[in-house]
There are 2 protein chains.
Amino acid sequence: MSTEAYTPTPRTKLRLRPDRGHYDRELVHAIIDEALIAHVGAVVNGEPRVLPTAIVRIGEDVYIHGSQANGVLGALKDGAPATITVTLIDSIVAGRSGFGFSLDYRSVMIFSHGEAVTDPEEKRGLVQAFVNDLMPGHTVRPPKPKELAATLFLRFPIEEVSAKVRDVGVLDVEEDYGLDLWAGKIPVSLAFGAPEDCPRLAEGIATPDYAQNYARPPMKRST
Amino acid sequence: MSTEAYTPTPRTKLRLRPDRGHYDRELVHAIIDEALIAHVGAVVNGEPRVLPTAIVRIGEDVYIHGSQANGVLGALKDGAPATITVTLIDSIVAGRSGFGFSLDYRSVMIFSHGEAVTDPEEKRGLVQAFVNDLMPGHTVRPPKPKELAATLFLRFPIEEVSAKVRDVGVLDVEEDYGLDLWAGKIPVSLAFGAPEDCPRLAEGIATPDYAQNYARPPMKRST
């Protein structure tokens with residue numbers, strides 16, 4: 001894998017806030033890997049659609065999956081262009097004016113085209129990759145051929161991509177800093193609670209450490 | 001405001017999992033109100049775009065705002081159809097098979113058309129509405145006319161809308177329940193940390209209670 005930065009394109013170059021645009025490969029990867037879901041945009045019958053869905057990155061590709069009957073996935077399988085957005089909120093930023101109100105965030109936008117994964121062995125590996133991504137250490141029974149057949153996996157190369165980061169906290173207009181008003185930020189993060197066992201757990205099975213100490217992003221992952 | 005349910009349409013009727021589709025007005029409102037951001041889909045020059053952005057609901061309309069120069073907002077102002085998606089993740093669900101892996105979530109999808117808010121007084125009210133939504137109790141200085149002019153506010157009526165809810169936790173195929181594997185769910189929520197004062201706070205200003213006890217959704221809001 002190349003460690004060079006991605007090359008900006010007319011679509012990924014930020015026009016309005018160029019200082020917030022980033023093309024660093026590690027940063028892009030880290031944002032995707034931390035996210036639980038992406039919002040995937042597609043044009044279906046001329047109309048915009050947005051699909052919230054789990055996403056996994058393997059090297060320089062991201063993957064989504066779902067039912068073969070899903071309309072958005074079907075359009076993407078047939079080559080419709082995709083815009084894949086991943087957004088992490090880091091802070092609520094309270095400024096001294098309404099226009100100083102903001103969020104600190106890290107986001108990624110990928111412009112890409114999907115390709116269906118058809119090889120059963122590769123699909124089998126992707127099932128495991130989604131499990132590993134959402135819950136490293138968790139063991140599942142092997143997929144059945146009919147389950148694999150019913151599931152559409154789509155691969156999207158990460159080529160045309162940008163990250164956008166706002167991490168400055170309060171950014172008021174200069175004359176506002178002296179105002180007699182509070183300003184600051186509230187850190188936002190995902191909290192993972194104590195695991196709840198499935199009520200139909202087989203006898204003698206304990207809640208595993210990987211569930212009791214769940215954290216995100218996963219500590220170990222293939223790059 | 002009517003308290004009746006929204007009417008399903010061909011676009012908002014769930015085909016694949018009809019049991020997960022909901023049209024209850026209070027449920028739709030509650031999901032929108034809890035979310036910090038929406039992902040807004042639009043078609044710009046024939047391509048899909050997805051804009052992550054803050055959203056506010058007032059009655060039966062939602063509002064987004066941004067720079068007059070933003071491309072997606074510009075297309076929506078000119079009448080391009082919008083798909084507005086709000087997604088809240090409630091649990092990571094670890095089943096006994098890869099296909100039993102899932103997320104519990106609550107989401108809303110609105111199909112609508114935007115309309116620019118042009119009245120300066122209404123825009124002024126919306127500035128306050130965004131502040132109230134993100135941080136109830138916080139005081140800001142009044143907006144300046146040139147700030148109002150530079151900001152595009154778009155209103156979208158909530159008419160064609162569905163909520164989608166998965167809240168069942170582990171849902172394995174029947175023969176998997178007896179397997180010698182752990183299954184369960186990990187609750188996911190947004191955590192709000194201790195507020196961090198702006199480093200340039202005027203002297204003598206204390207961190208207010210509304211920041212120290214930040215919670216979401218806001219306790220009080222106009223319906």
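Preceding this paragraph is the structure being described.
Cut-offs and rules
Residues numbered from 1 in each chain as written. Chains lettered and ligands numbered in written order. Predicted model: local features only at pLDDT ≥ 70, side-chain atom pairs only at ≥ 80, totals over all residues. Heavy atoms only, no water. Helix = DSSP H or I, 4+ residues; strand = E, 2+ residues; numbered from the N terminus. Buried < 20%, exposed > 50% of the residue type's maximum accessible area, 1.4 Å probe, protein only. Contact = heavy atoms within 4.5 Å. Expected span 1.5 Å × (residues − 1). Least-squares fit on C-alpha atoms with pLDDT ≥ 70 in both. Buried area = accessible area lost by both parts, 1.4 Å probe. Salt bridge = Lys/Arg side-chain N within 4 Å of Asp/Glu carboxyl O. Polar contact = N/O pair within 3.5 Å; in protein donor to acceptor, adjacent residues only side chain to side chain. Nonpolar A, V, L, I, M, F, W, Y, C, P; charged D, E, K, R; others polar. Pairing = 2+ DSSP bridges. Axes fitted to C-alpha atoms, helices over the stretch in contact; angles between N-to-C directions. Phe/Tyr/Trp six-rings, centres within 6.5 Å; stacked < 30°, edge-to-face > 60°. Lys NZ or Arg CZ within 6 Å of the ring centre and 35° of its normal.

Chemist: Quick question: what am I supposed to make of the overall build of chain A here?
Modeler: Along chain A, the regular secondary structure elements total 5 helices and 12 strands. Summarising its shape, the C-alpha atoms of chain A cover approximately 65 × 45 × 35 Å along the three principal directions. Here chain A, with 223 residues, has 55% of them falling under the buried criterion. Within chain A, counting contacts between residues at least 6 apart in sequence, those at least 24 apart form 71% of the total.

Chemist: Just to check I follow, could you spell out helix H3 (residues 120–134) of chain A for this structure?
Modeler: The periodicity of an α-helix, 3.6 residues per turn, causes residues three or four places apart in sequence to face the same way. Helix length check: H3 of chain A, at 15 residues, gives a terminal C-alpha distance of 21 Å against a target of 21 Å (1.5 Å per residue), a fit within 8%. For H3 of chain A, the complete set of buried residues consists of Lys123, Leu126, Val127, Ala129, Phe130, Val131, Asp133 and Leu134 of chain A.

Chemist: Teacher, can you tell me more about the relation of the copies chain A and chain B here?
Modeler: Both copies of the chain are tied together by a single rotation about an axis and a shift running along it. Least-squares fitting of chain A to chain B yields an RMSD of 0.0 Å, with the transformation described by 0.0 Å of translation along the axis and a rotation of 180°. This pairing of chains is accounted for by a two-fold axis. Identified as the residue of chain A closest to the rotation axis by C-alpha distance is Leu190 of chain A, at 2.4 Å. Here 100% of the contact residues of chain A are again contact residues in chain B; the copies associate through an equivalent surface.

Chemist: Can you walk me through the interface of chain A and chain B in this structure?
Modeler: Reports often express the size of an interface as the amount of accessible area lost when the parts come together. Opposite the 86 residues of chain A that make contact, chain B presents 86 residues. In this assembly, chain A packs against chain B so that about 7300 Å² is buried in total across both faces, 68% of it on carbon and sulfur atoms. Together, Pro48, Phe99 and Trp182 of chain A form the three largest contributors to the area buried by chain A at its contact with chain B, with a combined 11%. Among the ionic pairs, Arg141 of chain A bridges to Asp176 of chain B, the shortest N-O distance being 2.7 Å. The interface formed by chain A and chain B contains 29 residue pairs in polar contact (both at pLDDT 80 or more). With 9 residues, strand E11 (residues 184–192) of chain A is the largest single contributor of residues to the side of chain A that touches chain B. Taken together, the residues of the side of chain A that touches chain B break down into 50 nonpolar, 20 polar and 16 charged.

Chemist: Can you walk me through the pairing of strand E10 (residues 160–166) of chain B in this structure?
Modeler: On any regular strand, side chains alternate: one points to one face of the sheet, the next to the other face. All names here are of chain B. Burial analysis of E10 places 6 of its 7 residues in the buried class, the great majority of the element. Sheet topology places strand E1 (residues 21–22) next to E10; 2 bridges connect them, and they run antiparallel. Its bridge partner being in E10, Gly21 is matched across the sheet by Lys164. Across 7 bridges, strand E7 (residues 102–113) lies against E10 in antiparallel orientation.

Chemist: Would you mind showing me how to read the pairing of strand E6 (residues 81–94) of chain A here?
Modeler: Residue and element names in this part refer to chain A. For E6, the buried fraction is high: 12 of the 14 residues fall into the buried class. Two elements, strand E2 (residues 37–44) and E6, share 3 bridges in a ladder whose sense is antiparallel. Looking at E6, one finds that Val40 is bridged to Ile84. Across 12 bridges, the pairing between E6 and strand E7 (residues 102–113) is antiparallel. Across the sheet, Thr83 pairs through a bridge with Phe111, a residue of E7. In the sheet, E6 pairs with E11 via 4 bridges, with the strands oriented antiparallel. Counterpart to Val93 in the pairing with E11 is Lys185.

Chemist: Any chance you could explain the sheet that holds strand E4 (residues 56–58) of chain A here in plain terms?
Modeler: Strand pairing in a sheet takes place through backbone hydrogen bonds and is either antiparallel or parallel in direction. Residues and elements named next belong to chain A. The strand order E4-E5-E9-E8 describes an open sheet built from 4 strands, whose pairing is antiparallel. Edge strands, defined here as strands with exactly one partner in the open sheet, are E4 and strand E8 (115–116). Across the face of the sheet, H3 comes into contact with E4, strand E5 (61–67) and strand E9 (151–157) while running at roughly 80° to E9.

Chemist: Sorry if this is basic, but what is going on with the packing of aromatic side chains here?
Modeler: Within a pair of aromatic rings, the relevant descriptors are the distance that separates the centres and the angle that separates the planes. This structure, assessed with the given rule, holds 6 aromatic pairs over all chains. A ring pair is formed by Tyr210 of chain A and Trp182 of chain B, whose centres lie 6.2 Å apart and whose planes are at 80°; its orientation type is edge-to-face. Residue Tyr210 of chain A is found in helix H5 (residues 209–212), and its partner Trp182 of chain B is found in the loop between E10 and strand E11 (184–192); the two belong to separate chains. Ring geometry for Phe130 of chain B and Phe153 of chain B: centres 6.3 Å apart, planes at 45°, overall tilted. Within this pair, whereas Phe130 of chain B is found in helix H3 (residues 120–134), its partner Phe153 of chain B is found in strand E9 (residues 151–157), the two being separated by 23 residues in sequence. The pair Phe130 of chain B / Phe153 of chain B is uniform in exposure class, with both members buried. Directly above the ring of Tyr6 of chain B sits Arg25 of chain B, whose terminal nitrogen or CZ lies 4.2 Å from the centroid. Here Arg200 of chain B stacks its cationic end above the ring of Tyr177 of chain A, 3.7 Å away from the centre of that ring.

Chemist: I tried to follow the environment of Leu190 of chain B on my own but got confused; where do I start?
Modeler: As for its placement among the helices and strands, Leu190 of chain B is situated in strand E11. Its relative accessible area of 37% is what places Leu190 of chain B among the partly exposed residues. Spatially, the C-alpha atoms of Leu190 of chain B and Ala206 of chain B are 25 Å apart, while their sequence positions differ by 16 residues. Residue contacts for Leu190 of chain B: discarding those within four places in its chain leaves Val188, Ser189 and Leu190 of chain A together with Leu36 of chain B.

Chemist: Please clarify how the side chain of Arg155 of chain A should be interpreted in this entry.
Modeler: Its place among the elements puts Arg155 of chain A in strand E9. You can call Arg155 of chain A buried: its relative accessible area is 16%.

Chemist: What should I look at first to understand the sheet that holds E9 of chain B in this one?
Modeler: All names here are of chain B. One open sheet holds the 4 strands; their spatial order is E4-E5-E9-E8, and the pairing between them is antiparallel. Among the strands making up the open sheet, the edge pair consists of strand E4 (56–58) and strand E8 (115–116). Contacting E4, strand E5 (61–67) and E9, H3 runs over the sheet at an angle of about 80° to E9.

Chemist: Would you mind showing me how to read the environment of Val140 of chain B here?
Modeler: Locating Val140 of chain B in the fold gives a position in the loop between H3 and helix H4 (145–150). Relative accessible area serves as the criterion here: at 12%, Val140 of chain B is assigned to the buried category.

Shape is all these values report; function is a separate question.
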